[in-house]
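Observations on chain architecture
Listed below, chain by chain, are the residues.
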Amino acid sequence: MIGDRFLPEKEKGYVVAVVGATGAVGQTMLEILAERKFPVAKLIPLASSRSAGSAISFKGREYIVQDLEQFDPAGVDIALFSAGGGTSLTHAPRFAEAGCYVVDNSSAWRMDPSIALVVPEVNAHALEMARQNRIIANPNCSTIQMVVALKPLHDAVPIQRVVVSTYQAVSGAGTRAIEELAKQTACLLNAGSAEVGVFPARIAFNVIPQIDVFMADGYTKEERKMIDETIKILESDIAVTATTVRVPVFYGHSESVNVTFTGPMDAATARSLLADADGVCVVDDPTAEDYPMPSEAAGSDPVWVGRIRDDASCPNSIHLWVVADNIRKGAALNAVQIAEILIS
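Residues numbered from 1 in each chain as written. Predicted model: local features only at pLDDT ≥ 70, side-chain atom pairs only at ≥ 80, totals over all residues. Heavy atoms only, no water.

1. A closer look at the packing of aromatic side chains
A complete count under the given rule lists five aromatic pairs for this structure. Measuring from ring centre to ring centre gives 5.2 Å for Phe-81 and Phe-95, while their planes differ by 85 degrees; the resulting arrangement is edge-to-face. Linking Phe-81 in strand 6 (residues 78-81) with Phe-95 in helix 2 (residues 85-97), this pair joins segments that are 14 residues apart in sequence. Every member of this aromatic cluster is reached through a ring pair, and the members are Phe-71, Phe-81 and Phe-95. Note that Arg-131 overlies the ring of Phe-6, its terminal NZ or CZ placed 4.0 Å from the centroid. (Phe/Tyr/Trp six-rings, centres within 6.5 Å; stacked < 30°, edge-to-face > 60°. Helix = DSSP H or I, 4+ residues; strand = E, 2+ residues; numbered from the N terminus. Lys NZ or Arg CZ within 6 Å of the ring centre and 35° of its normal.)

As structure tokens, this is what we get:
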């Protein structure tokens, strides 16, 4: 349960800063703030000196992007950060010390034991930690959609083990990655050669079983994020293993999730629990070949779940297919939902 409100009610709304306002996630944050009618009395778009001076649009009005380095955060109520880990480590404490609540989309603070790592549908109560340091971490995009699907099942019967393989869109690696897929595809379709820049290998018409750098144990950093963040968010010593894969899709992450429970659980029960879960839409009709796909999930807010079936090879185990828009629910929407709790 959440105790007293975090921010006092303000009749005219709140001063909101968006750090990284010119990036893909920052732009989506602005769209969602407008769509959900967040009470913004004053918007302050911020970015690096490279983007300072450019213009962004919010609710039909043009704003000039300010330089984050030179900006004084005094008077800001909420800052939504999406500008990379180094930027967050430097500037999030500066904003927090000025009395601002920071919702950070980078990996900089996620595993800090003193920082709340929050998915509103899953562990909104963890926000109580933010009363002390005013910094809240947004989880990894792949983690967010998975734990939204796992939470109602875990509440019914505690989960013992999760095995997840991801199929992640290039937008998770930023605007340059989107451009690289588009250019490579066009070149190959015109009998040209594909130039590799953002990814370790060609992404067009290919699948790359590496996201982020490899660690000493053979896992990638992205896989380690999913493992550690899932355990922290669900507040349970669940065994988690992950394989994260980049696929030639522009928007929308997909995940194949195998879940083993500590007690009886079957597909029918799981389907019923998920159908009633906050933030989840079940699309699961094999007779009609109906299941979630990233092409349909892109631009939408829910976490979509389908292909729910019993695992015949292991007792008390089921398979799930989980899809979500990685830029919206996987980043921007989750941050705005946290901001909504801060003012509720």
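2. Overview of the environment of Ala-47
Secondary-structure assignment places Ala-47 in strand 2 (residues 40-47). A residue is classified by how much of its surface remains accessible, and Ala-47, at 6% relative accessible area, is buried. Setting aside residues no more than four positions away along its own chain, Ala-47 makes contact with Gly-20, Thr-22, Val-65, Gln-66, Asp-67 and Leu-68. (Buried < 20%, exposed > 50% of the residue type's maximum accessible area, 1.4 Å probe, protein only. Contact = heavy atoms within 4.5 Å.)

3. Overview of the nonpolar core
Counting 56 residues, the largest nonpolar core has Phe-95, Val-162, Val-257, Val-259, Val-305 and Leu-320 as the members making the most contacts within it. If one sorts the elements of this core by residue count, helix 5 (residues 141-156) sits on top with seven residues. Not counting residues up to four positions away in its chain, the partners in contact with Val-257 are Met-146, Leu-150, Val-162, Val-163, Val-164, Ile-318, His-319, Leu-320 and Val-322. Val-16, Val-18, Val-40 and Ile-343 belong to the second-largest nonpolar core, a separate cluster that totals 41 residues. (Core = buried A, V, L, I, M, F, W, Y, C linked by side-chain atoms within 4.5 Å.)

4. Describing the pattern of salt bridges
A complete count under the given rule lists 13 salt bridges for this structure. As a salt-bridge pair, Arg-328 and Asp-301 come within 2.8 Å of each other at their nearest N and O atoms. Within this pair, whereas Arg-328 is found in helix 10 (residues 328-342), its partner Asp-301 is found in the loop between helix 9 (294-297) and strand 14 (303-310), the two being separated by 27 residues in sequence. A relative accessible area of 8% means that Arg-328 is categorised as buried. When salt bridges that share partners are traced, they join Glu-35, Asp-301 and Arg-328 into one network. (Salt bridge = Lys/Arg side-chain N within 4 Å of Asp/Glu carboxyl O.)

Purely geometric stuff here, so don't read any function into it on its own.
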